[in-house]
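A closer look at the structure
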Amino acid sequence: MAIATEQAALDLIREKVEAGERLGFDDGLTLMESDDVLQIGELADTARRLRGGTDDVYFVQNLYLNQTNVCRVKCKFCAFARTQKQEGAYTFTAEELVEDALRQRELTGFTEIHMVGGESPHVAFAYYVEIVRQLKEAMPDVHLKLFTASEIHHMTRLSGLSHEEVLRELRDAGLGSLPGGGAEIFAGRVRRLIAPGKEHPDFWFHTHRAAHGLGIPTHCTMLYGHVETYEERVDHLLRLRELQDETGGFLAFIPLAFHPENTVFERRGWTQSAGTDDLKVIAVSRLLLDNIPHVKAYWIMMGMPLAAVALHFGANDVQGTVVREAIFHAAGARTETEQKIEELVRYVRGAGRTPVQRDTLYNEVRRWS
Ligand code: V47
């Protein structure tokens, strides 16, 4: 787009944002195609404030667990999964996970366990229910944010139950919310290239809609920086916005930058997204997702210094302390695996914002004024 025409298009988008008007597909595409990252970032921050956002920046004290890395799906973007017979394959029992979490709790407190894993064909649905039941029994005050929509779908295949029935059983055992993984990019062309063995995106939506209907809040993600086009990114974001209009059940959106190390894409010479693209995706997400209250700058993938900058591009959450992360680190992430609360506070303050420790449901736990 010629510079003058692009500026005219951005000016029109600014007018819409200032008037509180919803942006459409073409607006999203104009923003994605623009290289004027600073202008888009400022616009996203303006939109965030006009929609009631303040200087508060959230994080949660959490622990990451993975119950198994055994997976039947073989997504081409994944460096974490193993087959049962491969070296390094593991499946923890409920007892082992509880023991691990309790041991970790003696070292650092946490209010949330975030756990996702592979779709192992070697376990039964009862395994998942038992994990949830035992974790909840051992730590009743900890929120359990467990299992992607793909894993929930996998459980329907293991059990013969519907998505609603699986979710109800997990909820009754102690599940608090679902993380947003498994969304990848919804466009069929991309899914066929990067995750041909994965379920149709309709199941992702069906699972989240069912969760929201049962009062289980969820998160949503987009895996970007691989074979997707700008159109496919915008399409993905608008599909999320549509479900949120219907249910209001998404707590936050988390863009996930593709890490190619140890995947087939590394052998084809792929590298990780540049920081400017990460900032642009955060900003455009904030602009298009006018109905999702929180956008996370996930420091695990972008590092805490860039996550702090992203707070001026529409993000208002830096996820949490994390403690142990395996999926991005298997794919070459060079970031730490844990941030101390003091470090999160230091970075958020450095960005001129107010650090607020939250629980999973965004209730305030502590504020640094
Ligand atoms: O679905 C896997 C992504 C997701 C790679 O809800 C990769 O708060 C980049 O669900 N490069 C799982 N991304 C992680 C997940 C998550 C993470 C952080 C916060 C939340 C939340 C959820 O990780 C997968 C996939 O999209 N992923 N491999 C990779 N090589």
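First things first, this report covers the structure right here in the doc.

All right, on to helix α9 (residues 201-213) then. The end-to-end C-alpha separation of α9 is 18 Å, in line with the 18 Å expected for 13 residues at 1.5 Å each. Among all positions in α9, only P201, W204, F205, T207, H208, A210, A211 and H212 are buried. Just beyond α9, the residue with positive phi is G215, at close to 80 degrees.

With respect to burial, strand β9 (residues 354-358) is a largely interior element, five of its five residues being buried. Bridging between strand β1 (residues 56-60) and β9 involves five bridges; their strand directions are parallel. Within the sheet, the bridge partner assigned to F59 lies in β9 and is Q357. With three bridges connecting them, β9 and strand β10 (residues 364-367) associate as antiparallel partners. What sits directly across from V356, in β10, is R367. Hairpin connection, β9 to β10: the antiparallel pair is bridged by five residues, and Y362 has positive phi, about 70 degrees.

With respect to topology, three strands assemble into an open sheet ordered β5-β6-β7, the strand pairing being parallel. Two strands bound the open sheet, and with one partner strand each, they are β5 (218-224) and β7 (294-295).

Attention now moves to the sheet that holds β9. The strand order β8-β1-β9-β10 describes an open sheet built from four strands, whose pairing is mixed. Either end of the sheet is taken by a strand with one partner, and the two such strands are β8 (317-320) and β10. Taken pair by pair, the neighbouring strands of this sheet meet at an average axis angle of 25 degrees, ignoring direction. Strand contacts of helix α16 (residues 341-350): β1, β8 and β9, with the helix running at about 145 degrees to β9, the strand carrying the most contacts.

Inspection of the secondary structure puts S120 in the loop between β3 (112-115) and α5 (125-138). We classify S120 as buried; its relative accessible area is 1%. Other than its neighbours up to four places away in sequence, S120 contacts T68, V70, Y128, H154 and L158.

This next bit is on unusual backbone geometry. A positive phi angle, near 75 degrees, is found at Q319, a position not held by glycine. Notably, V322 is not glycine yet its phi reads approximately 70 degrees, a positive angle.

How each quantity is defined
Residues numbered from 1 in each chain as written. Predicted model: local features only at pLDDT ≥ 70, side-chain atom pairs only at ≥ 80, totals over all residues. Heavy atoms only, no water. Helix = DSSP H or I, 4+ residues; strand = E, 2+ residues; numbered from the N terminus. Expected span 1.5 Å × (residues − 1). Buried < 20%, exposed > 50% of the residue type's maximum accessible area, 1.4 Å probe, protein only. Pairing = 2+ DSSP bridges. Axes fitted to C-alpha atoms, helices over the stretch in contact; angles between N-to-C directions. Contact = heavy atoms within 4.5 Å.

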